[in-house]
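Chains, contacts and geometry: an overview
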Amino acid sequence: MDPVVTELALAQCSPAGAVLARAFLDEPWWGAVIPDRDRRRRALPSIMTAGLRHGLLSGVVAEATPSLRAVSWWEPPGYQDAFLPWLRCLPSLGATVWRATPADLRRMFRALGQWNRIRQGIAPRPHWYL
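Below is a summary of the structure that appears in this document.

As a further point, take the packing of helix 1 (residues 13–24) against helix 3 (residues 37–58). Their axes nearest at 7 Å, the elements helix 1 and helix 3 cross at an angle of 125 degrees. Between helix 1 and helix 3, the angle is such that the two are oblique. The way helix 1 lies across helix 3 gives a crossing that is right-handed. Note on element contacts: helix 3 touches helix 1 through Leu-44, Pro-45, Met-48, Thr-49, Leu-52, Arg-53 and Leu-56, opposite Cys-13, Ser-14, Ala-16, Gly-17, Leu-20, Ala-21 and Phe-24. Of the residues contributing to the contact of helix 1 with helix 3, the split by class is 10 nonpolar, 3 polar and 1 charged.

Right, dumping it as structure tokens:
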């Protein structure tokens, strides 16, 4: 059992991304974005790794147990996505883009836009987002 939770380091993004990929493999949102389960299983580790790297470089708080059996990823109140951290994530983003089809990317951007509108309606005031 891992009773301790510590801040995630950039060097831990790849194994932590693999943990998140397993956790979200059958989550409905990702199923809608990448409908083919086998393709989703192959793509999610790089997607989650890139997202964690980007997040840590742009103000997201990520925590994990020492064994990386559990990982959390939090956007603080007022968090705004930033372009420069995405540039610093190009190595891991490259793997993500090559695994995604143009249709996957269209579904992902459409779903993100819809989710952001829903989220704004549900929680219009500043909040921590897990």
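Quick look at the packing of aromatic side chains now. In the structure shown here, the tally under the stated rule is 1 aromatic pair. On the numbers, 4.8 Å between centres and 85 degrees between planes, the contact of Trp-29 with Trp-30 is edge-to-face. Given a relative accessible area of 24%, Trp-29 falls into the partly exposed group. The buried category is assigned to Trp-30, whose relative accessible area is 10%. Above the ring of Tyr-129, the side-chain terminus of Arg-119 is found at 3.8 Å from the ring centroid.

For the rest of this paragraph, the subject is the environment of Ala-111. If you trace the backbone, Ala-111 turns up in helix 6 (residues 102–122). Separated by 78 residues in the primary sequence, Ala-111 and Val-33 place their C-alpha atoms 7.2 Å from one another. In contact with Ala-111, other than residues within four places in its own chain, are Trp-29 and Val-33.

What follows is about the environment of Met-48. One can find Met-48 in helix 3. Judged by relative accessible area, Met-48 falls into the buried class, the value being 5%. For the pair Met-48 and Leu-20, spaced 28 residues apart in sequence, the C-alpha separation works out to 6.5 Å.

Taken together, the 4 bridges between strand 2 (residues 61–64) and strand 3 (residues 71–74) define a ladder with antiparallel strand orientation. Within strand 3, the residue paired with Ala-64 across the bridge is Val-71. Two successive antiparallel strands, strand 2 and strand 3, enclose a turn made up of 6 residues, where Leu-68 displays a positive phi of approximately 60 degrees.

What follows is about helix 3. A rise of 1.5 Å per residue sets the reference length of helix 3, with its 22 residues, at 32 Å; its end C-alpha atoms lie 30 Å apart and thus fit the reference within 8%. Taken as a whole, helix 3 carries its principal kink of about 40 degrees at Ala-43; the proline Pro-45 stands between one and four residues after it. A side-chain oxygen of the first residue of helix 3 lies 3.2 Å from the backbone nitrogen of Asp-38; this N-cap is Asp-36. Gly-59, located one to two residues past helix 3, shows a positive phi value of around 110 degrees.

In this structure, Leu-8, Trp-30, Leu-44, Ile-47 and Leu-52 are the most contacted members of the largest nonpolar core, which totals 21 residues. Beyond its immediate chain neighbours, meaning those up to four positions away, Leu-8 contacts Ala-16, Leu-52, Leu-56, Ala-62, Glu-63, Ala-64 and Leu-68.

The next thing to look at is the sheet that holds strand 1 (residues 6–7). Strand order in the open sheet formed by 3 strands is 1-2-3, with antiparallel pairing between adjacent strands. In the strand order of this sheet, the two ends are held by strand 1 and strand 3, each with one partner. Pairing of strand 1 with strand 2, which is carried by 2 bridges, proceeds in the antiparallel orientation. Bridging across to strand 2, Glu-7 finds its partner in Glu-63.

Rules used throughout
Residues numbered from 1 in each chain as written. Predicted model: local features only at pLDDT ≥ 70, side-chain atom pairs only at ≥ 80, totals over all residues. Heavy atoms only, no water. Axes fitted to C-alpha atoms, helices over the stretch in contact; angles between N-to-C directions. Helix = DSSP H or I, 4+ residues; strand = E, 2+ residues; numbered from the N terminus. Parallel < 35°, antiparallel > 145°, perpendicular 65-115°, else oblique. Left-handed = near helix turned anticlockwise from the far one by under 90°. Contact = heavy atoms within 4.5 Å. Nonpolar A, V, L, I, M, F, W, Y, C, P; charged D, E, K, R; others polar. Phe/Tyr/Trp six-rings, centres within 6.5 Å; stacked < 30°, edge-to-face > 60°. Buried < 20%, exposed > 50% of the residue type's maximum accessible area, 1.4 Å probe, protein only. Lys NZ or Arg CZ within 6 Å of the ring centre and 35° of its normal. Pairing = 2+ DSSP bridges. Expected span 1.5 Å × (residues − 1). Bend = angle between axes of the 7 residues up to and from the residue. Polar contact = N/O pair within 3.5 Å; in protein donor to acceptor, adjacent residues only side chain to side chain. Core = buried A, V, L, I, M, F, W, Y, C linked by side-chain atoms within 4.5 Å.

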